[in-house]
Structure formats: structure tokens, C-alpha cells
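Listed below are the residues making up each chain.
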Amino acid sequence: MKTEDIKITAILAYITLIFLAFLFIIPFVWVFVEGFASVGNIGFGDFGTFTLSSYYAIFRSKYFVLSIENGLIQSFGGTAVSIVLAIFASYVFSRKRFPLRNALILTVLFFTGFPVFSLLIPMYVFYQNVNLYNTQVGVILVLGVLNLPITIWIMKNSFDQIPKSIERAAMVDGASPYQTIIHVFLPLAFPTIAVLILLDFITNWGNFYVPYILLSSRHLFPIAVYIYTYFGAYSVKYNELAAASVIYMIPTLILYIFAQKYLIKAFSVGGVKG
Amino acid sequence: MKTEDIKITAILAYITLIFLAFLFIIPFVWVFVEGFASVGNIGFGDFGTFTLSSYYAIFRSKYFVLSIENGLIQSFGGTAVSIVLAIFASYVFSRKRFPLRNALILTVLFFTGFPVFSLLIPMYVFYQNVNLYNTQVGVILVLGVLNLPITIWIMKNSFDQIPKSIERAAMVDGASPYQTIIHVFLPLAFPTIAVLILLDFITNWGNFYVPYILLSSRHLFPIAVYIYTYFGAYSVKYNELAAASVIYMIPTLILYIFAQKYLIKAFSVGGVKG
Amino acid sequence: MVSVKLVNINKKFSGTTVLKDMNLEVQDGEFFILLGASGSGKSTTLNIIAGLEKATSGDILFDDRIVNKMGPVQRGVAMVFQDYALYPHLTVRNNIAFPLKMRKASKEFIEKKVGEVSNVLGLEKYLDRYPRELSGGQAQRVSLGRALVRDPDIFLLDEPLSNLDAKIRSQIRVELKLIQENLGKTFIYVTHDQQEAMSLGDRIAILRHGKLEQVGSPMEVYKDPVNQYVAAFLGEPEINFFELTRNSNMYSSEEIILKGIEAEENEITAGIRPESIKLKKERDNDVEIKIKIQTFESFGSYSVIIGKARSGKEVRVRLAEIPEIKPSTEMAMYVPLDEIYLFGKDGNRIGKK
Amino acid sequence: MVSVKLVNINKKFSGTTVLKDMNLEVQDGEFFILLGASGSGKSTTLNIIAGLEKATSGDILFDDRIVNKMGPVQRGVAMVFQDYALYPHLTVRNNIAFPLKMRKASKEFIEKKVGEVSNVLGLEKYLDRYPRELSGGQAQRVSLGRALVRDPDIFLLDEPLSNLDAKIRSQIRVELKLIQENLGKTFIYVTHDQQEAMSLGDRIAILRHGKLEQVGSPMEVYKDPVNQYVAAFLGEPEINFFELTRNSNMYSSEEIILKGIEAEENEITAGIRPESIKLKKERDNDVEIKIKIQTFESFGSYSVIIGKARSGKEVRVRLAEIPEIKPSTEMAMYVPLDEIYLFGKDGNRIGKK
């Protein structure tokens, strides 16, 4: 390849990423700065002086602290449901041929990224009938199932990378399907599974409308709903909103740091070696 | 493998999928039935008689028709932005080594599934400053950029599957990087790209909060926002809501039918052959 | 110590027949080769013996015990795969120990066995390495170690050498042969490489399109092939074929004339191995063939002449010496009459010697 | 028509040296082989000649024109890849036409050229097939066709036969040799297979750890290796080495005794090719070696004895005939003195003949 070509493609990449950065990072910075501002305005102009008072203020609320706890329970609960069910479903889809396999695959695919929004009202009705309305378990189940299709999809692709001969070797070596999953599939797909845990958690943590519609008690609200209802209700203190938003990002950041090496690994799977 | 093992795993798969079906399909059916009901209640009991009056009612509204158009423009626009930018970014990430590559990859990964919700308020402020507030272009850009990280990720993985030797063959055969992308990468990754178009569209079509926060004029609202504001505002006619929800699902269904064969292909990539 | 018998094995896979009425007997302690081109069903046969695939019909017997419904573990087979199939996330030590761990063997026992096996295969130095840190030859040895550690009755090997470099391949080939001779256990070995088959096998079974063509010791099938396919499959370079037509009391083609041949058909095919063609006439009834040299390949210890007969047909001649000849010259060469194979129109050998 | 010259080529890849001061000259119209084990830098050398990789330092000359900064197209090279690298979404026809399409050739011209090339390679029947519908041999031919269609000055081939079955491999090998002889163009061919190198090459360059060990015609490097590495790399089975120590006026080991040898060092290594070991004494000064037969491989047209010398060292003997011998017997064998190679402690040949 000619040197100019390399330059052109590199420049294109940089432009794309600067563009991305521009739209994301400016608001990102604003949130961080505003959280420490003494003036609760909404513009980029006057932030006043540096202060931690916004953080003091939000943590004084018992419901805010509770909403972090609820958010963690619901997000991790939903993630656990998705991952555990996806492991079995992906193994079966990846390795077994059985009746109705294609129909089931199409069902899974159909619900991947399905506009769930349109189903929430009837789901609300249904939940009231089966007594799951306004319970953590109810939210966890819906969150788990919501992420299940895409989780199955990605995990199955990762299982597909495991050569058939390794699975056969495990069979010949005397491993049951269950042992094969535990001792072969899970360790080999671990980078992908780590990434899926991160993605599922983030999606659940950021999900606003599911708990908003399926919960009514304030003491069950996760942080996403708390921020919305609290600040959406009356005149907004933007510095407190920003501080809450920063707190809201922290679990994601922590998980992200832990999963970093798996993220890069998963991103590089099948990458060019030569 | 013993026959019993196959049975156990198959049963596990069926249970998972029945579980999935249970939580999704019941509300799904309710929406379809309720749309043709003469009684606008919220339960599963009395639907009254079969009627098309709900559909007549919603299509009488000029804003409803407009909101379908807006939804299509914004969703397809955002999809186009994501796909075009992702093609270049994925090619560069998949095939080039350049300074700061790892830093850029981490940036992309960081924003994959980032809880964007927390950035919408500052984005709103930023948009007002740069005159993108309350414009279709503004919504399209944000939707495009929102899906960009995951689109890059999936597309890069698909580009990674293309053997290095094929790319080298194209170089030796006299193809420029641009020609290589057009004549080799895009056709080979086409099943994945088709799926990404579907996924991006569905995500955009279902995105409620981006247009809700970044738009103020009713004549620019997409259908997701229209449904929410219209029915959220005063006493709800559930049969009309259900009818609107059915209409809301139609573009997804149509795209899904077109993309079906690519969905199965993409789902089977790297699948077991022997 | 186990013998294996396949009785009327059929295998269909979504409509197409992969194996057709396969009957096979592998003796106890034998190094048995399944030889065939890709698509011949050799790997399927191996998988059916292993218990990894099920036959559509027919019986598999281990020592006269029907094992149709048993899994690989119950059958007591170990397997070595073409791509080694090592567990990438486990060290060499844990790869070798894996089958014992699945059997819940005691720690001491595992340690002892892994030590023994790695000693036999010269893997002591690599026990703490991961598969990605091994060369192809080392990986193949680990894969063999994982089979050995279980003391199985039968070893099944699926083209275990075909991913190795030529150099290391012939080395491991010999190691494998010596290991089998020492263990005295039954080995069933799949390959597409006739050279491997000839050198390793006590007996070779040649498969084609899911059917057995011939079974016998390497020299038996080489010297006495039942049909054209087997004759062409064995030997390097490939045997030369000439189509002959009856012409009063002899058979002839543009290239050669055969006298004193007994056959019923009017059109027959003569097969002449490249090493049967000599530069000098040795006996009176030697068959003459005129060959125009095109090019030749010298391999150090032998050479191959690629030439054209009068008809334009390509002919190969294998010589132990390296001759001093120039391209484009025409030479008369000679073939002993009794080294010529004759085949009928159906490809079957006429009048087996 | 182009000659290629590499001058002081160095290649470093993130710290490690892949090629070290490579100097190489490939003559116009030559079939030139780069032979080496994996990691020897042979493919890197080819990629640098192709313009697919950049050398860290040094010059690449095509006909005395420096091409360092040119891409593959400007250099006028065509390349054939190990995995064929066909475009899976294009038919055979469009695969072959691809380079011309990139050059915006006219439709008629493309059609004519594709017709010609597919005719030469016997691909007419497959023009409308997709790569997935081809056998390995057919795919390799298409890949060759895609190179031929451009009439390039140089053909670069990166292990083009190594993914093929043994049978088809030797067939395509001959085709390739004949194509090159007909075209009279420069071929540079990378392989790890000494047999391929010997049979195809006008000249062979043997690489090791990014350094050139020897360049010469096949028989030159086979008969007259500069060092132990080259001697061991060529020949099948591998040459036997014995370590000798000076003992008054002769060199000896547990296995053999050499008299009348001139060397300065006290410890030398003798190399004896398997085909140099005979079953009968032919001359008085033949060196005797006692070998206990372990096993033997018969290949139809030749056989290999694997035995142990008195010291327990493994020795291989290659015989043109198939001997009647039994394992575990000890035999005396003989080697002509002038067929023994001697190497110093540094591995270099002592007193080249």
C-alpha cells in the first residue's frame, strides 16, 4: 500500500473519533465540572467556586443511598439471570442440532433489540395480575430477559470459535456436557463473558423505563429512576443533578476498569496476527 | 455423548426459551388483541367486540402520521451515520497499526453501552449553544454517534474474520484501500452489515429519550415520543394506545423479514460444520 | 487389548451416503491405517469407532462385544486429533492430566502418570508451558501424551501428522511407530498420505467414496492392487496408465505394444510404476517405450523424469541414480513384462498374479 | 523479464530481528526457492520483495532499479498464497478477472485474457463456480490463474502447495514447473519442504533465523552443504550425524572409525546420508557400522531401515530395494569414505571437496 493511502485512512479514523469525542466528551466534562460548582446554572459560563456541597446534599437523602443499593441489586440480578440462561442456551445453539432449532434461533433474533418500549404497558398489566408488580424480582426478571437475546447471540458466537475437535477431545477424555461447559467452554469464552457481564450491567444500570413502569414504591427505585423523578419533579439544582450523575457513573467506571483487559481481548478476537 | 445428555441440554434450552416467550409473548398478544377492541380497558378481561375504530382514530391525527415520517427519517439517518463512519473506523482498527490505536480502542469500548442517559442534560445545553437543538440533524447525529461504538465493535469483528491473505491478494491485484473496502470487505461482511443496519434502526426507532430531550416542536417528534406524550398526557384510551403500538412495530417487522436470511447467516458465522 | 470389528456399517448424513456396507476387522495390537482422499469417509469411520458419531445401521464390536450405544469413555478409546485439540487455557501438565481429572483420579496418581508419560515423550521441560508456546511437534506430542496417560485399549489417530512441517513429520512418524510397537496396543490411524500409510501400517484399508477398496499389508496392496484406483493411490510418483486395444494377438497403443497377454476384453489399461521403467534393456521380453524428456526432478537420493510418450501422454520414471540427461531428448526405456499391471474396463485387475 | 537483488536487507519487528543483512540475487527467468523452517524469515523476505512489507534497512532492486518505495502493482509482481486467498464472494471467472478490473481493462480484453488463462489451467468448466465449490487443487489453480492473467514480470509463491493433499501436491508441483519453463519468467517460491525445493528449484536459498546459509542449485547444496544445518535440512530421511574424537591418527566414536582424515580439530562430526549406507562392502576403505534393526518403513519403491548403532544412537538407512530383514537382528553395513561429510565444532564443513 502506498504511504499516502495509509495516511488517508488514518486521518479518516482520527476524524471519526474526534467527532465521537466531541459529542460525548464535552457534556462529559461539563458534568464533572458542574458537580463541584457552587452556582447551579445550566450553561457553560459561570460555575462559581469549587465546592463539595452538591455531593453532601445528595447523600443526605436516604432515598438516594437506597436507590444506589436498589440499582446494584436489580442490575446485577438481571445480569446474573441473563448470563446463566445464556450459557446454557448458547451451548445448545452452538453445539446441538435439534428439532425447531431454526425457529428458536429466529425467535431469539427477533427479540434482539426488539422495541421493548411498546410492550411495557401490557407488561405492567400482566405483572399486576401475577403479583410481580412493584417487586425487585419482577424488575430483575424483565431486565434479565431483555438482555437475554443479545447475550445469547454474542456468547454463542464466542462458543462457535471453540474448535469442534476440542469439544470432541473433552468427550473422549470423559467430560460430560456439564463438565465440558465448566472446564472448557467457560474458561475459553471468559473474555467474552466478562465483556457481556459489563455490557449487561451497564444496560441494566442505565435502564430507566423498566423500573419506572414496573415499580411504584419510592424505596425500590434504582438510581436511574431516582435521578429522573427527583430532579424532574420541581425546579432543578443542576449542580446536584451533576453530582448525582457522577455518582451514577462510578459503578460503570469501576467495572470498566476491571474488565479492561478482557475488553481489549474480546475486541481483538480473530484479529490479524501476521 | 450419551443420549440422556442430549435430552437434558435440549430440555434446558426449551425451558429457557419458554421462559423468554412467556415474558414477551403474552404482552405481545395483548397489544394485538387490544388494538381491535371496542372497550379501552387495561386488563385481560373484557375486550368488547372486534373493531377498527382505534386505527381510524389514531390516523385521523396529522401529528401521528408526521411522527411516523419523522421516526423513519431520524432512525434511518442515524443508522446511515453509524454505518458509514463504522465502515472506515472498523477497517482502520481491523487492519492498521497506528499511534494511539489502543487508546482509541479503549475509548470506543468505554462508550459502548455507556449510560448515555446521564449525559443527556449537558448535551441538551450544548446543543442549544451550537444551534442543533430542536433539529432533525441534531437528533440524527446523536443517534448515529450513540450506536457508533457497538457498531464499530461488531463490524470490526466481522472484518477481522477476513483473512489477511485476501487483503494482501487485493493489494497485489492493484486494489487501493478504498477499492479493497468496496470490493472485498463490504461484500464479505455484508451479512453482518445487514444485521447492524437492522439493529441500529431498531435501536434508533425505539429511542425515546434522545428526541424527547433534544426536540421541542411537536411536528418534529418521532413516533416513540408521540406515543408517550400523546397517551401519557391525559386519560389513556388503551385500545388506541395498543393500535399505535402495533403501527409502531410494523417497520421493525418489515426490516426483520428482509434481514432474516442475513440474521441467520450472521448468527451462524463460525458455526460448527463437521 | 482389543480387536475391532465393523459389521455392515452404513452412515447417511442428511440424505447423502457417507459409508456404504463397511465391513472391517482390526486385529488386536495392530497398527491399522484407514487411507483415502478427502470425502472418502475415513474420518467418519474413525469417529464411528470412537463413539463420537453414530452409524445409521450396522454393528461395532470391540472383542465381540457390541458397543454401538457406548460413548468414547465406555469404549475405552483415546484419540489424537489433526489440530492437536489441546485445551488452550491449560498448561501442558493439566492438558495431560485432564482425562484423569475427569475420572476423579487421586492427586498422587495423576502426578505419577503425568510424570511417566512426559518422560516417555520427552516433555518434562514443557510441563508448565501453555499450548500457544509450543511448536507443532511439541503440541502433537502433548496430544499423544493426553491419549497415553489413560492407558486406553485402542488409540485412534485422525491425521495426526498432517499439520506438521515435512521435516518434523517424518521424525514423529518414526516415534509413533516405535511407541506403538512398544505398547503393543491397537492403533487405528486415518491419513490421506500414502507415504505415511505405507511406512506406518501393519495393514492398510483403502477407502473411496465410503466403500472399502482393498485391505492388506503395505507391500501387498502396493504390489498386488485389486484395481486401478488402488494402484494409482499408492506410490510416488503416481503409476502411469496406458490404454491398449487388442490388435490380433497383441495389445497395443501409440506408446507400447504388449505381446503374450491373456485377457478377454478388447480394451484394457496397462499400469506401469515409475520405478519399473529402466534406462537399459535387461530381458528379451522387456517392453520398450520411447520417452521425450520434458523436465526432471532431482531429490538427492533419487530422481524423477517427467517425459512425454509418442502420443503426448505424460510419463514419469523414477530412478535411484541421478541421470545425466538433457530436456527435449528422446530416449528408449524398458519395462519388465511381469511388472506391468493390467486392468479391465471396469478398473478391476485382470488375472491377479 | 526481471532480475531481483536484495542488498543488505534488515528487518526488525518490534525489537526482534527477522532478517539480518540479507544479500540475494535472483536471475531473470529463474525458478528460485527460499527454503527454511518456520520462523526462518522466508515469508518475510518474499513479502519484502512483493512490496507488502517494508525492510527496516537495505535496498531491493528490480533490474538495477531501486523499488524500495513502490507498491506491489508498480513492481509488477503477482503472488500466489498458501491459503489460495480467493475472493469467496466472486466466481472463478471474476476472481481471475479481478486484477484486470482493478486496472480498468476493457471488457473484451478481460474476457479474452480470462479465456486464455482458464484454457492453460484447464479451468473452463469451473468458471461459474464459487471458491467454496472447488477442491483444493482447483482453488490453487484459480489462484495461479489470477496471477497469470496480469502477465507480471515476477511470480511470488508463498507455500502454494502446502495446503494440498499429498497426491494432488506432487501433480500440481509438476504443472507449476512446466508452466514456469514455458513462461520463462522469474519465479520466487517459498517453502519449508525440502522435497519441493529440490524438485522445483533452479537454485535454492536456505534460510535460518533470518540469515542466509547457502545458495546454489539443488544438487550443489545437497552434495556439497556448507554446514551441518544445510546437510540436515536436505534429504529424506535426515542425514545421520556421529560425534568423533581424535585418537592418535584416526577419529573414532562408539559407532565408527575414520582413518586417513585430515582435520585440525580434535572433535568433529561426521555426517552420513541414509542412502550412503550399503548392505555390502564395495571398496576396501569402506567404513563399517554395526546396526541393530529396530523397525523399517517400506514405501513400495524404496525402504528405510530405522536401527540403533552400538551406542544406542538412532541410524537411518535408505535402500532402493525392499530387504528381507527382521527386527532386532544386528547387521554390519558399509559407507564409502568419500561420501562422509565432516563438520567442525562450529557446524561448518571441514575441507570442502
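Coordinates for the structure precede this section.
Because the structure is a prediction, the values reported are computed rather than measured.

Novice: In this structure, what is going on with the overall build of chain A? I would like to understand it.
Specialist: Helices and strands together make up the secondary structure of chain A, namely 12 helices and zero strands. Counting helices and strands in the order they occur from the N terminus, chain A gives α-α-α-α-α-α-α-α-α-α-α-α. Of all 274 residues assigned to chain A, the portion counted as buried reaches 58%. In chain A, 72% of the contacts between residues at least 6 apart in sequence involve partners at least 24 apart. Accessible surface for chain A amounts to roughly 10800 Å². Of this, 69% is attributable to carbon and sulfur atoms.

Novice: Even after reading the chapter, I still don't get the interface of chain D and chain C, so can you show me in this structure?
Specialist: Where interface size is quoted, it is often the accessible area lost as the parts come together. With 43 residues of chain D at the contact, the number on the chain C side is 44 residues. For the pair chain D and chain C, the two sides together bury roughly 3500 Å², of which 50% comes from carbon and sulfur. Along the contact surface separating chain D from chain C lie four salt bridges. C:Glu236 serves as the salt-bridge partner of D:Arg173, at 3.7 Å between the closest nitrogen and oxygen. Joining chain D to chain C, the criterion identifies 16 residue pairs in polar contact (both at pLDDT 80 or more). Take the side of chain D that touches chain C: its biggest share by element is 10 residues, from helix α6 (residues 166-183) of chain D. Taken together, the residues of the side of chain D that touches chain C sort by class into 16 nonpolar, 13 polar and 14 charged.

Novice: What am I meant to see in the sheet that holds strand β1 (residues 4-13) of chain D here?
Specialist: As a general point, the strands of a sheet are linked pairwise by backbone hydrogen bonds and lie either parallel or antiparallel. Residues and elements named next belong to chain D. If you walk across this open sheet you meet the four strands as β2-β1-β4-β5, and the pairing is antiparallel. In the strand order of this sheet, the two ends are held by β2 (16-26) and β5 (65-66), each with one partner. Contacts between helix α1 (residues 42-50) and the sheet are confined to β1, β2 and β4 (57-62), with β1 contributing the most and set at about 120 degrees to the helix.

Novice: So what exactly am I meant to see when it comes to the relation of the copies chain D and chain C here?
Specialist: Note: a rotation about an axis with an accompanying shift along it relates these two copies of the chain. Mapping chain D onto chain C leaves a residual RMSD of 0.0 Å; the transformation is a rotation of 180 degrees accompanied by 0.0 Å of translation along its axis. Classification of the inter-copy transformation places it as that of a two-fold axis. The rotation axis passes nearest to the C-alpha of D:Ala320 in chain D, at a distance of 3.3 Å. Looking at the interface residues of chain D, 98% of them are also at the interface in chain C, so both copies use one shared face.

Novice: Can you walk me through the layout of surface pockets in this structure?
Specialist: Any space left empty among the atoms is revealed by the rolling of a water-sized probe across them. Its volume calculated, the second largest pocket comes out at about 1000 Å³. Along its surface, the second largest pocket is lined by 44 residues, and C:Ser301, C:Leu319, C:Ala320, C:Glu321 and D:Ala320 are the ones closest to its centre. Where the lining of the second largest pocket is concerned, the elements lending two or more residues are α8 (218-223) and β17 (314-319) of chain C together with α8 (218-223) and β17 (314-319) of chain D. Partitioning the lining of the second largest pocket into residue classes produces 16 nonpolar, six polar and 22 charged.

Novice: Sorry, what's going on with the packing of aromatic side chains here?
Specialist: Both the distance between ring centres and the angle between the ring planes are used here to describe each pair of aromatic rings. Within this structure, the stated rule accounts for 36 aromatic pairs over all chains. When the centroid spacing of 5.4 Å and the interplanar angle of 85 degrees are considered together, the rings of A:Phe59 and A:Phe64 count as edge-to-face. Between C:Phe155 and C:Phe187, the ring centres sit 4.7 Å apart and the planes meet at 25 degrees, which makes this aromatic pair stacked. Taken together, the residues C:Phe155 in strand β7 (residues 154-158) and C:Phe187 in strand β8 (residues 186-191) connect sequence positions 32 residues apart. The two residues C:Phe155 and C:Phe187 agree in class, both being buried. Site record: aromatic cluster; members linked through ring pairs are A:Phe76, A:Phe201, A:Trp205 and A:Tyr248. Over the face of the ring belonging to B:Tyr63 we find B:Lys62, whose NZ or CZ atom lies 4.9 Å from the ring centre. In this structure, D:Lys167 is placed above the aromatic ring of C:Phe233, and the distance from its NZ or CZ to the ring centre is 5.9 Å.

Novice: What exactly am I supposed to notice about helix α5 (residues 136-148) of chain D here?
Specialist: At 3.6 residues per turn, the α-helix brings residues three or four places apart onto the same side. The first and last C-alpha atoms of α5(D) sit 18 Å apart over 13 residues, in line with the 18 Å expected at 1.5 Å per residue. Among the 13 residues that make up α5(D), 12 are buried, leaving the element largely enclosed by the rest of the structure. If you check which residues of α5(D) are buried, you get D:Gly137, D:Gln138, D:Ala139, D:Gln140, D:Arg141, D:Val142, D:Ser143, D:Leu144, D:Gly145, D:Arg146, D:Ala147 and D:Leu148. Looking at the buried residues of α5(D), the elements they touch are α7 (164-172) of chain B together with β6 (77-80), α3 (92-102), α4 (107-120), β7 (154-158) and α6 of chain D.

What counts, and at which threshold
Residues numbered from 1 in each chain as written. Chains lettered and ligands numbered in written order. Predicted model: local features only at pLDDT ≥ 70, side-chain atom pairs only at ≥ 80, totals over all residues. Heavy atoms only, no water. Helix = DSSP H or I, 4+ residues; strand = E, 2+ residues; numbered from the N terminus. Buried < 20%, exposed > 50% of the residue type's maximum accessible area, 1.4 Å probe, protein only. Contact = heavy atoms within 4.5 Å. Areas by Shrake-Rupley, 256 points an atom, 1.4 Å probe, with all protein chains shown as cover. Buried area = accessible area lost by both parts, 1.4 Å probe. Salt bridge = Lys/Arg side-chain N within 4 Å of Asp/Glu carboxyl O. Polar contact = N/O pair within 3.5 Å; in protein donor to acceptor, adjacent residues only side chain to side chain. Nonpolar A, V, L, I, M, F, W, Y, C, P; charged D, E, K, R; others polar. Pairing = 2+ DSSP bridges. Axes fitted to C-alpha atoms, helices over the stretch in contact; angles between N-to-C directions. Least-squares fit on C-alpha atoms with pLDDT ≥ 70 in both. 1 Å grid on protein atoms, 1.4 Å probe; cavity = no way out; pocket = protein on both sides within 12 Å on 5 of 7 lines; lining within 4 Å. Points joined across faces, edges and corners; volume = space filled by probe spheres on them. Phe/Tyr/Trp six-rings, centres within 6.5 Å; stacked < 30°, edge-to-face > 60°. Lys NZ or Arg CZ within 6 Å of the ring centre and 35° of its normal. Expected span 1.5 Å × (residues − 1).

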